[in-house]
Amino acid sequence: MKRFFIYAIAFLPIVYLLIRLFVIDDVNDPIKYIYTITGASATVILFISILISLIKEKINLMKYRKEIGILGFFYAFLHLTNFVVFDAQFDLNFIIKETFEKPFIYLGMIAFFILLFMMITSSKQLFRKYNKYHKLVYVSLILITIHWMMAQKSLTIVQFIYIGIILIIGYYKLLQLIGRSNKS
């Protein structure tokens, strides 16, 4: 039942996106709107996967962390697919040109490939071998945050709140890591 609840909540952004695009039909720039919904969803879900390890002493949701991370990757994949299919229309030259001309795109791509590596190595057998590299999720989230801020071209109150939340999560994660190293 809990897994159903997780998936139901995780797929709400897609349902919302589809309703806005095809039922209400009030979106001026569908490609930009898809970027916004898929990018924000990926980021929020990935941050939730980080929060799970922060709150595990009070509420242990660790058994759902992998699935939540994969759902975050799913939205990141949709975000990248939007770029390749709708924006670039499979034009490899356009993709390469845009990637090198706009630094936020290559930061996003680096973050995506980190997430891809983590998703591929998240099976039990591969995770045992590569789990120490899964800490790269923090690098990925930093890159995603910079990617998002650069893509917006200006900072709003929402971005400042988001940055504040990221700093708070980072601070508590750092405290948690320091606490672990002091215990050993």
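Quantities reported herein were computed from a predicted structural model and do not represent experimental measurements.

**Observations concerning the packing of aromatic side chains**
In step 1: In this structure the tally under the stated criterion is 11 aromatic pairs.
In step 2: Centre to centre, the rings of Tyr7 and Phe11 are 6.3 Å apart; their planes meet at 15°, and the pair counts as stacked.
In step 3: Residue Tyr7 is classed as partly exposed on the basis of its relative accessible area, which comes to 32%.
In step 4: The exposure class assigned to Phe11 is partly exposed, which follows from its relative accessible area of 32%.
In step 5: Measuring from centroid to centroid gives 5.7 Å for Phe117 and Tyr130, while their planes differ by 85°, and the two rings are edge-to-face.

**Brief notes about a nonpolar patch on the surface**
In step 1: A contiguous nonpolar surface patch, about 590 Å² in accessible area, is contributed by Val15, Leu18, Ile19, Phe22, Val23 and Ile24.
In step 2: With respect to the secondary-structure elements, Val23 resides in helix 2 (residues 12-24).

**A short note on unusual backbone geometry**
In step 1: Residues other than glycine seldom take positive phi values, yet Asp25 does so here, at roughly 55°.
In step 2: On the secondary structure map, Asp25 appears in the loop between helix 2 and helix 3 (30-54).
In step 3: Of the residues examined, Asp25 reaches a relative accessible area of 59% and is grouped as exposed.
In step 4: Unlike most non-glycine residues, Phe90 shows phi in positive territory, near 65°.
In step 5: When you line up the elements, Phe90 lands in the loop between helix 4 (62-87) and helix 5 (92-101).
In step 6: Judged by relative accessible area, Phe90 falls into the exposed class, the value being 60%.

**Structural notes on the nonpolar core**
In step 1: Judged by nonpolar contacts, the single largest core of 37 residues is most densely connected at Phe83 and Leu141.
In step 2: Among the secondary structure elements, those contributing two or more residues to this core are helix 1 (2-10), helix 3, helix 4, helix 6 (103-120), helix 8 (136-152) and helix 9 (157-183).
In step 3: Sorting elements by how many residues they give to this core places helix 6 first, with 9 residues.

**Some points on the side chain of Glu98**
In step 1: Residue placement: Glu98 occurs in helix 5.
In step 2: The contact partners of Glu98, leaving out residues within four places of it in the chain, are Phe83 and Ile105.

**Observations concerning the environment of Ser53**
In step 1: As for its position among the elements, Ser53 is in helix 3.
In step 2: Take Ser53: its relative accessible area is 1%, and that puts it in the buried class.
In step 3: Through-space distance from the C-alpha of Ser53 to that of Lys173 is 8.5 Å; in sequence the pair is 120 residues apart.
In step 4: Once you skip the residues sitting within four places of it in the chain, Ser53 turns out to touch Met62, Arg65, Tyr138, Lys173 and Gln176.

Conventions we followed
- Residues numbered from 1 in each chain as written.
- Predicted model: local features only at pLDDT ≥ 70, side-chain atom pairs only at ≥ 80, totals over all residues.
- Heavy atoms only, no water.
- Phe/Tyr/Trp six-rings, centres within 6.5 Å; stacked < 30°, edge-to-face > 60°.
- Buried < 20%, exposed > 50% of the residue type's maximum accessible area, 1.4 Å probe, protein only.
- Patch = residues over 30% accessible without salt bridge, like charges linked within 9 Å, V, L, I, M, F, W, Y side chains within 5 Å.
- Areas by Shrake-Rupley, 256 points an atom, 1.4 Å probe, with all protein chains shown as cover.
- Salt bridge = Lys/Arg side-chain N within 4 Å of Asp/Glu carboxyl O.
- Helix = DSSP H or I, 4+ residues; strand = E, 2+ residues; numbered from the N terminus.
- Core = buried A, V, L, I, M, F, W, Y, C linked by side-chain atoms within 4.5 Å.
- Contact = heavy atoms within 4.5 Å.

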